[in-house]
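Commentary on secondary and tertiary structure
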Number of protein chains: 2
Amino acid sequence: MTITMYDLAGVEVDRRFSPFCWRARMALAHKGLDVETVAWRFTEKDKLPTPNDGRVPVIVDGGKVVHDSSAIADYLEERYPDRPSLFPGAAARGLSKFVQNWTDALHLGLIRLVLLDIYKHVGPKDQEYFRQSRESRFGMTLEDFAQDREGRLPAFRASLDPLRRTIERQPFVCGEAPAYGDYIVFGAFQWARAISDFALVASDDPICAWRARMLDLYDGLARKSPGYGG
Amino acid sequence: MTITMYDLAGVEVDRRFSPFCWRARMALAHKGLDVETVAWRFTEKDKLPTPNDGRVPVIVDGGKVVHDSSAIADYLEERYPDRPSLFPGAAARGLSKFVQNWTDALHLGLIRLVLLDIYKHVGPKDQEYFRQSRESRFGMTLEDFAQDREGRLPAFRASLDPLRRTIERQPFVCGEAPAYGDYIVFGAFQWARAISDFALVASDDPICAWRARMLDLYDGLARKSPGYGG
């Protein structure tokens, strides 16, 4: 049976830019599960199946509704144990949590670089919601929060060092083959790619080569999704 | 047969303070292997078995000499496959590399907080070597490099967030049980503990509780080693 996934979209229905949705989307592909996505906007909270926490991803698998990307990964792993594992081996789930917490910190740096690009890509009603909710969260205007991204870029690129050094020496974060740890980190890059032409990393950065490998997975699933750059 | 491990020592023979040696020491204990350590000082490069790169850890297992903590972990895993795995599962080795690269970056912040404490704990000949080699590496005096550690502390503690958030929700970096990923990170804390009374983390920081769990492992192997604090 096809799984339904509610997926954050821009004003264009096929521009999908949530890093958390990309984690789930790649996890579903890793498991080889059929999925039908439903474009969802920030302001459509009443359109989500229950239970939810007002955000996406939310999946519906038969009668089961699961929300939150981590819970979805855990659910898929438990529900489909005979399909390729998202957490291969006893230590992978624990170690992937470390990668997730590192990536969540990375998001804080990344959002300052792409914030106005997100704003540009959502519809008028979502723009209003986005401005209000983010300005309240950050305690300043979007424009102030996002200013001087060129100045912030060197520190952001330096913060990628643990990723860079890892995928310089092995093809994927998880080693020889991609698994959930890769999808967590990739979500951040796919988020940026979907809405921004700002070059997060230099073209000769090993991270670019890893990102290209990720874009190629599952018949180019992520590459086919509208975005900027490679 | 007992394995010999060359282990960095301070002026006191039992003060062992190399983060890389602690990675190896914990890995040997994880495998349940008998080990005899040989105290080694920075300036005793000619006392190491061959081959070596002038640093410790170096282990001698029968006729086999292995140097570098990563190579030692890989060697132990391959040589003793029937003992508890340092990398449980297909993705653990790759993900542990990510943790290692994150920790190596952490060391850069940590060394500024404990540099002068290292200097105080090594003998006169090693002090001379340490000052010369580190001042050359850092391009400034030890005292300049280490100044204002109280001022640097908040940023250092913030940089521990990925670790903190991970071990808040699970007992070990690797999940329910410790493995090499834990030993990598723990090496940094055991390095500091051996030579410094400076509080890297607040006593109510979840990292303290994880550190205590690590100190308890293998009959309190790390806790029994001379150091400051818990």
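One can find the structure itself at the top, above this paragraph.
Residues numbered from 1 in each chain as written. Chains lettered and ligands numbered in written order. Predicted model: local features only at pLDDT ≥ 70, side-chain atom pairs only at ≥ 80, totals over all residues. Heavy atoms only, no water.

The next thing to look at is the overall build of chain A. Summing up its helical and strand segments, chain A has nine helices and four strands in all. Along chain A, helices (α) and strands (β) appear in the sequence β-α-β-β-β-α-α-α-α-α-α-α-α when read from the amino end. Scaling as 2.2 N^0.38, a compact globule of 230 residues should have a C-alpha radius of gyration of about 17 Å, and chain A matches this with 17 Å. Along the three orthogonal principal directions, the C-alpha set of chain A runs to about 50 × 45 × 30 Å. Of the contacts made within chain A by residues no fewer than 6 positions apart, 69% connect residues no fewer than 24 positions apart. (Helix = DSSP H or I, 4+ residues; strand = E, 2+ residues; numbered from the N terminus. Rg over C-alpha atoms; globule rule 2.2 N^0.38 Å. Contact = heavy atoms within 4.5 Å.)

Taken together, the 22 residues of chain A in the interface contact 22 residues of chain B. Carbon and sulfur atoms make up 75% of the area that chain A and chain B hide from each other, which totals about 1900 Å². For chain A, the biggest contributors to the area lost against chain B are Leu95(A), Phe98(A) and Asn101(A); these three give 35% of the whole. Scanning the region where chain A abuts chain B turns up zero salt bridges. Here chain A and chain B share eight residue pairs in polar contact (both at pLDDT 80 or more) between them. Looking at the side of chain A that touches chain B, the elements with two or more residues in it are helix H3 (92-121) and helix H7 (161-169) of chain A. At nine residues, H3(A) tops the list of elements feeding residues into the side of chain A that touches chain B. A class-by-class count of the residues in the side of chain A that touches chain B yields 12 nonpolar, eight polar and two charged. (Buried area = accessible area lost by both parts, 1.4 Å probe. Salt bridge = Lys/Arg side-chain N within 4 Å of Asp/Glu carboxyl O. Polar contact = N/O pair within 3.5 Å; in protein donor to acceptor, adjacent residues only side chain to side chain. Nonpolar A, V, L, I, M, F, W, Y, C, P; charged D, E, K, R; others polar.)

This paragraph deals with unusual backbone geometry. Excluding glycine, most residues fall at negative phi; most peptide bonds, likewise, are trans. Note the cis peptide between Thr50(B) and Pro51(B), where omega equals 0°. Residue placement: Pro51(B) occurs in the loop between strand S2 (35-40) and strand S3 (58-61). Of the consecutive residues Val56(B) and Pro57(B), the connecting peptide bond is found in the cis state with omega at 5°. In the Ramachandran plot, Tyr218(A) falls in the positive-phi region, its phi being about 55° despite a non-glycine side chain. Looking at the element boundaries, Tyr218(A) is found in helix H9 (residues 206-224). Judged by its relative accessible area of 28%, Tyr218(A) falls in the partly exposed class. The phi torsion at Asp219(B) lies on the positive side, around 55°, for a residue other than glycine. By secondary structure assignment, the location of Asp219(B) is in helix H9 (residues 206-224). The class of Asp219(B) is exposed, set by a relative accessible area of 67%. (Buried < 20%, exposed > 50% of the residue type's maximum accessible area, 1.4 Å probe, protein only.)

Turning next to the relation of the copies chain A and chain B. Once chain A is rotated about the relating axis by 180° and shifted along it by 0.0 Å, it coincides with chain B to within an RMSD of 0.0 Å. Between the two chains, the operation in question is that of a two-fold axis. Taking C-alpha positions as reference, the residue of chain A nearest the rotation axis is Gly89(A), located at 1.7 Å. When the interface residues of chain A are mapped onto chain B, 100% of them are again interface residues, pointing to one common binding face. (Least-squares fit on C-alpha atoms with pLDDT ≥ 70 in both.)

The next point concerns the sheet that holds strand S1 (residues 3-8) of chain A. Residues and elements named next belong to chain A. Read from one edge of the open sheet, four strands run S2-S1-S3-S4, paired in mixed fashion. For this open sheet the edge positions go to strand S2 (35-40) and strand S4 (64-67), each flanked by a neighbour on one side alone. Recorded for the sheet is a direction-independent mean angle of 20° between the axes of neighbouring strands. Direction of pairing for strand S3 (residues 58-61) relative to S4: antiparallel, over a ladder of four bridges. The residue of S4 that forms the bridge with Ile59 is Val66. Helix H1 (residues 19-30) rests against S1, S2 and S3 of the sheet, and its axis sits at about 155° to S1. Across the face of the sheet, helix H2 (residues 69-79) comes into contact with S1, S3 and S4 while running at roughly 135° to S4. (Pairing = 2+ DSSP bridges. Axes fitted to C-alpha atoms, helices over the stretch in contact; angles between N-to-C directions.)

Let us look at the sheet that holds S2(B). Residues and elements named next belong to chain B. Spatially, four strands are ordered S2-S1-S3-S4 in an open sheet, and the strand pairing comes out mixed. Taken across any chain shown, the strands that pair with only one partner, and hence form the sheet edges, are S2 and strand S4 (64-67). Sheet twist, expressed as the average angle between the axes of neighbouring strands with direction ignored, equals 20°. Pairing geometry for strand S1 (residues 3-8) and S2, over six bridges, is parallel. Within S2, the residue paired with Met5 across the bridge is Thr37. Running over the sheet, helix H1 (residues 19-30) touches S1, S2 and S3 and is turned about 155° from S1. Helix H2 (residues 69-79) contacts S1, S3 and S4 of the sheet and is inclined by roughly 135° relative to S4.

Another point: the pairing of S1(A). All names here are of chain A. Here S1 lies mainly inside the structure; five of its six residues are buried. Between S1 and its parallel partner S2, the chain crosses via H1, and the hand of that crossover is right-handed. Bridge count for S1 against S3 is three bridges, and the pairing is antiparallel. Within S3, the residue paired with Thr4 across the bridge is Val60. (Right-handed = clockwise from strand over helix to strand, strands pointing away.)

Once that is clear, we can look at the packing of H3(A) against helix H8 (residues 180-195) of chain A. All names here are of chain A. Two elements in contact, H3 and H8, have axes separated by 9 Å at closest approach and are oriented at 5°. Considering the angle they form, H3 stands roughly parallel to H8. Classifying every residue of the contact of H3 with H8 gives 13 nonpolar, six polar and one charged. (Parallel < 35°, antiparallel > 145°, perpendicular 65-115°, else oblique.)

Take the packing of aromatic side chains next. Scanning all chains against the criterion turns up 19 aromatic pairs over all chains. Judged by centre distance (5.0 Å) and plane angle (80°), the rings of Trp102(A) and Phe98(B) are edge-to-face. Note that Trp102(A) is positioned in helix H3 and Phe98(B) in helix H3 (residues 92-121), a pairing that runs across two chains. This pair shows no difference in class: Trp102(A) is buried, exactly as Phe98(B) is. Of the aromatic side chains, those joined through ring pairs into one cluster are Phe17(A), Phe42(A), Tyr129(A) and Phe130(A). Positioned above the aromatic ring of Phe145(A), the side-chain terminus of Arg112(A) is 4.0 Å from the ring centre. (Phe/Tyr/Trp six-rings, centres within 6.5 Å; stacked < 30°, edge-to-face > 60°. Lys NZ or Arg CZ within 6 Å of the ring centre and 35° of its normal.)

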